[in-house]
Amino acid sequence: MQIRAFTPGAGAASATAAAAAAPDISLFHPKVLLLSAGISTSIILGYRVYRRYIRRIRTYLDITPEILDKNHRLYGYVTRVGDGDNFRFYHTPGGILLGWGWLRQIPTGRTALKDETLMIRLCGIDAPERAHWGKPAQPYSEEALNWLNDYLIGRYVSITPYSIDQYKRVVARAEVWKWNGKKDVSAEMIKSGLAMVYEGKVGAEFGNNESWYRTLESRAKYLKKGLWSLGKKLTTPGEYKKIHYRGE
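Within any chain, residue numbers begin from 1 and follow the written order of that chain's sequence. This being a predicted model, a pLDDT of at least 70 is required before a residue's local features are given, and a value of 80 or more before pairs of side-chain atoms are given or counted; all residues contribute to the totals for chains, interfaces and linings. Heavy atoms from the whole structure form the basis of all side-chain values; hydrogens and water molecules are not counted.

### Notes on the packing of aromatic side chains
Turning to step 1, where the next piece is worked out: When two rings of Phe, Tyr or Trp (its six-membered ring) have centres within 6.5 Å they constitute a pair, described as stacked for plane angles under 30 degrees, edge-to-face for angles over 60, and tilted for the intermediate range. Taken as a whole and assessed by the stated rule, the structure comprises five aromatic pairs.
Turning to step 2, where the next piece is worked out: On the numbers, 5.9 Å between centres and 80 degrees between planes, the contact of Y90 with W100 is edge-to-face. With a gap of 10 residues between them, Y90 in strand β2 (residues 86–91) and W100 in the loop between β2 and α4 (110–113) connect regions that are remote in the sequence.
Turning to step 3, where the next piece is worked out: By relative accessible area, which is 6% here, Y90 ends up buried.
Turning to step 4, where the next piece is worked out: When the centroid spacing of 5.7 Å and the interplanar angle of 35 degrees are considered together, the rings of W212 and Y213 count as tilted.
Turning to step 5, where the next piece is worked out: Summary of the burial criterion: residues with accessible area below 20% of their type's maximum are buried, those above 50% are exposed, and those between are partly exposed, where the area comes from a 1.4 Å probe applied to protein chains only. The class for W212 is partly exposed, based on a relative accessible area of 38%.
Turning to step 6, where the next piece is worked out: Ring pairs connect the aromatic residues Y75, Y77 and Y156, which therefore count as one cluster.
Turning to step 7, where the next piece is worked out: Sitting over a ring, as applied to charges here, requires NZ of Lys or CZ of Arg to be within 6 Å of the ring centre and within 35 degrees of the ring normal. We note R56 situated over the ring of Y90; from NZ or CZ to the ring centre the distance is 4.0 Å. Runs of H or I in DSSP of at least four residues are treated as helices and runs of E of at least two as strands, each being numbered from the N terminus.

Next up, the structure:
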């Protein structure tokens, strides 16, 4: 039988050699730093994608300065039309690609929709005022409401937000797809003579559409469409509000 001699310290020497041969896994090693940077970048990009394309905007409080400054488009569903120039909008980010309409359902009851929608004020226009708080209704105010209701209710629209007004409404351009293409809702109301180009200087928002809106208004006025058929009897929405709400 062969007997091997035991050499003291041989095990320690082997461990030392193994440690010396092991790769450097210091936290400051270039590979570790590169991996950390990659993970951090992925997290940041993922968060930005979530905030921009996936996060649902529930109320005006969720509208960030970045959304307004960069006019980020939002896609959603019209749940209710409140007046001739505003409606309730339920944000459905990602649309059908993120399951809206087949995996994720839009609430229908007022209780379920409470604090879940944005009030959208159509940019660049003023529709005739309906009867409120004992004030008389303007001619064509009901026609404007019915037109907007038929045009938008139960449809998906894209909005381009510009600002939030004193009534906590999101002033925005609204666009909706029809059989003959994408339509600017403000422009279509002006064409029909059921709204005028916004008269006030404070709170006026047009995007890049003011000149176009004014051209459409001139044509509707020339053709005496809608409220323009009233001629000299016409009181504009702006004048109406000065008389009945501001006492001017």
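### Considering the layout of surface pockets
By rolling a water-sized probe across the atoms, one finds the places where empty space is left.
Turning to step 1, where the next piece is worked out: Think of a 1 Å grid over the protein atoms and nothing else: a 1.4 Å probe that fits but is trapped marks a cavity, an open set flanked by protein within 12 Å on at least five of seven lines marks a pocket, and residues with an atom within 4 Å of a point count as lining. Grid points are joined across faces, edges and corners, and a volume is the space filled by probe spheres set on the points. Here the largest pocket is characterised by a volume of approximately 1100 Å³.
Turning to step 2, where the next piece is worked out: Lining the largest pocket are 38 residues, and of these R121, Q166, Y167, R169 and K241 lie nearest its centre.
Turning to step 3, where the next piece is worked out: Broken down by element, the lining of the largest pocket gets its largest block of residues, four residues, from helix α8 (residues 237–244).
Turning to step 4, where the next piece is worked out: Charged residues are taken to be Asp, Glu, Lys and Arg, nonpolar residues to be Ala, Val, Leu, Ile, Met, Phe, Trp, Tyr, Cys and Pro, and polar residues to be all remaining types, Gly included. For the lining of the largest pocket, the per-class residue count stands at 14 nonpolar, 10 polar and 14 charged.

### Details of the side chain of R121
Turning to step 1, where the next piece is worked out: Position of R121 among the secondary structure elements: in strand β3 (residues 118–122).
Turning to step 2, where the next piece is worked out: On the accessibility criterion, R121 (7% relative accessible area) is buried.
Turning to step 3, where the next piece is worked out: Contacts between residues were defined by any pair of non-hydrogen atoms, one from each residue, lying within 4.5 Å. Those residues in contact with R121 that sit more than four places away from it in its chain are D85, N86, D126, D165, R169, V170, V171, A172, Y198 and K241.

### Concerning helix α6 (residues 185–192)
Turning to step 1, where the next piece is worked out: For α6, a buried count of six out of eight residues is recorded, marking the element as mostly surrounded by other parts of the structure.
Turning to step 2, where the next piece is worked out: Residues of α6 that are buried: V185, S186, A187, E188, M189 and I190.
Turning to step 3, where the next piece is worked out: In protein, a polar contact requires one atom able to donate a hydrogen and another able to accept it; more generally it is a pair of N or O atoms within 3.5 Å, and residues adjacent in sequence count only if both atoms are side-chain atoms. N-capping of α6 is provided by D184, with a side-chain oxygen placed 3.0 Å from the backbone N of S186.
Turning to step 4, where the next piece is worked out: Positive phi shows up at G193, right after α6, with a value of about 80 degrees.

### Considering the confidence of the model for the protein
Turning to step 1, where the next piece is worked out: pLDDT is defined as a per-residue confidence score from the predictor, taking values between 0 and 100. Residue-level pLDDT values for the protein average 86, and 77% of them are 70 or greater.
Turning to step 2, where the next piece is worked out: Per-element averaging of pLDDT across the protein places helix α1 (residues 10–21) at the bottom with 54 and α6 at the top with 98.

### Considerations on the nonpolar core
Turning to step 1, where the next piece is worked out: Residues enter a nonpolar core if they are buried and are Ala, Val, Leu, Ile, Met, Phe, Trp, Tyr or Cys, with the set joined through side-chain atoms within 4.5 Å. F87, L152 and I159 are the most contacted members of the largest nonpolar core, which totals 38 residues.
Turning to step 2, where the next piece is worked out: Discounting chain neighbours no more than four positions away, the residues touching L152 are V78, F87, V157, V176 and V185.
Turning to step 3, where the next piece is worked out: Membership of the second largest hydrophobic core comes to five residues, among which are A220, L227, W228 and L234.

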